[in-house]
Amino acid sequence: ERPRLPDPSLRGSGGFLPEVAGLFHKGHALMHPDPLTPYGNRPMVTPIVNAVNYEYASFEVLRQITEGEIDGYTYHRDDNPTVRAVEHRVAALEGAEDCIICTSGMAACTMVYLTYLHAGDHVIIFHDTYGANYKVSLILERLGVNITWLDADQADDIEALLRPDTRMIFLETPSNPLCKVIDIRAVRAAADKVGAMVVADNTFATPYHQNPLKLGAHLVIHSATKGLGGHNDLMAGVIAGTKKDYDELWFTRQAIGTTLDPHSAFLLARGLKTFDLRAQTMSQSAQAVAEHLEGHPKISRLIYPGLKSHPAHAAAARQMQRGFGGMMAFDVGDTQEDAKRFILNLKLIYHAVSLGATETLICIPYLTTMLYLPPERRTSFGVRENTIRLSLGIEPTQSILEDLDQALADL
């Protein structure tokens, strides 16, 4: 059995039980397992613990750690104090019992699939998820997993697709890139009829606006590269759920070696300090931009959950809070050339992939984030060749509006 992890309540003992804490005396080479209390007080930033391995105070301590009697660290692939510290913080944001962090958002998705799916199982995945899930689905099919794809617009029909061997429903809401909204409670109610697990990707919404676990999801996933980190300088993935889920996912992470590096964990901890402020600013700007652009003669379609014109605005209002996030999609002109010309006209907004960053980012999903999909599949659930994805940053809203207006004026 793997070691138990530090109990935050044991402050002043470095996370160890009191009888073991005394082993870590002045001058000893061992590191405390809890970086938040290395000397009995708390540093203002999370320390970066670069250690790959840890010296044991004695064979008895080694036995206690490996048998799970006490908390401790042994090897980086197993765990890391810096990573563990930020896991606790993300778990609190999602209202989860625990959280496991890995090397990327797609690593998080893959860890979930590998942990809970077996050959012969059936999984339902919504088309309206990040495109790289399609590539992972090809691997899962080679391993004997049966996959049914469903358009988010047809979520109400999900019961007809359920089978006795359905083990998982994987969804994203609001979705990437079209900001479609799926009623998580309704999906959970359907999933319960066959005992399936509901996994929700919360990257677009972030825990500031939505907590899928409270709405019925069994697990929540994030690409922490995006809004949680928020500065275009780290890559990480998050899975939040119960302590039992943590144990099961920890086994997979340790086995395949997807533990996050401590420097990226430190950057994530730093990004979380301003997370609420950034999420609030992005959401307020997005609402203003969406209202400003709605009905613009050179924009043929605009999709933002905060607009009453959104087909699922009522569902978004029920399950989202404090706004509707910083993401939107819209079609510029009639052709892809119109969309390209619009982007090239921008002066403030950056033409780049990713999202949830301090800078406002824009891209054409058909040419970027959906390259993982065959061309015929990129448009099968509503994306068009002239569809734009806009991720609001923290620049002044008026500056963003002026940049969009001048770029559209030149079309």
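As the structure is a computational prediction, the values presented were derived from the model and not from experiment.

### Observations concerning the sheet that holds strand 9 (residues 327-332)
Ordered by their spatial adjacency, five strands build an open sheet running 8-9-12-11-10, and the pairing between neighbours is mixed. Of all the strands in the sheet, just strand 8 (299-303) and strand 10 (350-351) have a single pairing partner and so form its edges. Sheet contacts for helix 10 (residues 275-293): strand 8, strand 9 and strand 12 (387-391); angle to strand 9, the most-contacted strand, approximately 20 degrees.

### Remarks on the side chain of K226
Within the secondary structure layout, K226 lies in the loop between strand 6 (219-223) and strand 7 (237-241). Although K226 lies buried, it forms no salt bridge, and the closest oppositely charged side chain, D201, sits 8.3 Å away as judged by the N-O distance. With sequence-adjacent residues up to four places away left out, K226 is seen in contact with T203, S354, L355 and G356.

### A few points about the sheet that holds strand 7
The strand order 1-7-6-5-4-2-3 describes an open sheet built from seven strands, whose pairing is mixed. A strand with exactly one partner marks an edge of an open sheet, and here the two such strands are strand 1 (98-102) and strand 3 (146-150). Strand-to-strand twist in this sheet, taken as the mean axis angle between neighbours without regard to direction, amounts to 20 degrees. Pairing of strand 4 (residues 166-172) with strand 5 (residues 197-201), which is carried by five bridges, proceeds in the parallel orientation. Across the sheet, M168 pairs through a bridge with M197, a residue of strand 5. Packing of helix 4 (residues 105-116) onto the sheet brings it into contact with strand 1, strand 2 (122-126), strand 4, strand 5, strand 6 and strand 7, and relative to strand 6 it is tilted by some 150 degrees. Sitting on the sheet, helix 5 (residues 132-142) touches strand 3 and strand 4, and the angle it makes with strand 3 is about 150 degrees.

### Some details on the packing of helix 4 against helix 8 (residues 243-256)
Put simply, helix 4 and helix 8 touch, their axes get as near as 10 Å, and they point 105 degrees apart. In terms of axis orientation, helix 4 runs roughly perpendicular to helix 8. The residues of helix 8 that touch helix 4, namely those facing M111, V112, L114, T115 and Y116, are D245, E248, L249, T252, R253 and I256. Of the residues in the contact of helix 4 with helix 8, the class split is six nonpolar, two polar and three charged.

### Structural notes on helix 4
Taking 1.5 Å as the rise per residue, helix 4 with 12 residues should run 16 Å; its terminal C-alpha atoms sit 17 Å apart, in good agreement. For helix 4, the tally of buried residues reaches 10 of 12 residues, placing the bulk of the element in the interior. Taken as a whole, helix 4 has its buried residues at G105, M106, A107, A108, C109, M111, V112, Y113, T115 and Y116.

### Brief notes about the pattern of salt bridges
Two side chains carrying opposite charge are able to pair once their charged atoms lie near each other. With the rule as written, the count across this model stands at 22 salt bridges. A salt bridge links D79 to R253, with the shortest nitrogen-to-oxygen separation between them at 3.2 Å. Residue D79 is found in the loop between helix 2 (59-66) and helix 3 (81-94), and its partner R253 is found in helix 8; the two are separated by 174 residues along the sequence. A residue is classified by how much of its surface remains accessible, and D79, at 5% relative accessible area, is buried. Classification of R253 as buried rests on a relative accessible area of 0%. One salt bridge connects R163 with D165, and the closest N-O pair in it is separated by 3.1 Å. What makes R163 partly exposed here is its relative accessible area of 32%. Classification of D165 as partly exposed rests on a relative accessible area of 23%. A single salt-bridge network, built from bridges that share partners, covers D79, R84, E87, D98, K243 and R253.

### Some points on the packing of aromatic side chains
Per the stated rule, a full pass over the model turns up six aromatic pairs. Relative to W149, the ring of Y134 has its centre 6.4 Å away and its plane inclined at 45 degrees; by these criteria the two rings are tilted. Here Y134, found in helix 5, pairs with W149, found in strand 3; they are 15 residues apart in sequence, far enough to count as distant. Both residues of the pair, Y134 and W149, belong to the buried class.

### Focus on the nonpolar core
Counting residues in hydrophobic clusters, the biggest one holds 41 residues, and the most contacted among them are V112, Y113, M168, V199, I221 and I239. Ranked by the residues each element gives to this core, the list is headed by helix 4, at eight residues. Dropping the residues within four chain positions of it, V199 is found in contact with V112, M168, I169, F170, L171, L219 and I221. Counting residues in hydrophobic clusters, the runner-up holds 34 residues, among them L307, A316, I362 and I400.

### Brief notes about the packing of helix 10 against helix 14 (residues 397-409)
Where helix 10 contacts helix 14, the axes come no closer than 10 Å and their chain directions differ by 30 degrees. Regarding the angle of helix 10 to helix 14, the classification is roughly parallel. Two packed elements cross with a definite hand, and for helix 10 against helix 14 that hand is right-handed. Facing helix 10, whose interface residues are S285, A288, V289, H292 and L293, helix 14 presents T397, I400, L401, L404, D405 and L408. A class-by-class count of the residues in the contact of helix 10 with helix 14 yields seven nonpolar, three polar and one charged.

Reading guide: rules and limits
Residues numbered from 1 in each chain as written. Predicted model: local features only at pLDDT ≥ 70, side-chain atom pairs only at ≥ 80, totals over all residues. Heavy atoms only, no water. Pairing = 2+ DSSP bridges. Helix = DSSP H or I, 4+ residues; strand = E, 2+ residues; numbered from the N terminus. Contact = heavy atoms within 4.5 Å. Axes fitted to C-alpha atoms, helices over the stretch in contact; angles between N-to-C directions. Buried < 20%, exposed > 50% of the residue type's maximum accessible area, 1.4 Å probe, protein only. Lys, Arg positive; Asp, Glu negative; His and termini not counted. Salt bridge = Lys/Arg side-chain N within 4 Å of Asp/Glu carboxyl O. Parallel < 35°, antiparallel > 145°, perpendicular 65-115°, else oblique. Nonpolar A, V, L, I, M, F, W, Y, C, P; charged D, E, K, R; others polar. Expected span 1.5 Å × (residues − 1). Phe/Tyr/Trp six-rings, centres within 6.5 Å; stacked < 30°, edge-to-face > 60°. Core = buried A, V, L, I, M, F, W, Y, C linked by side-chain atoms within 4.5 Å. Left-handed = near helix turned anticlockwise from the far one by under 90°.

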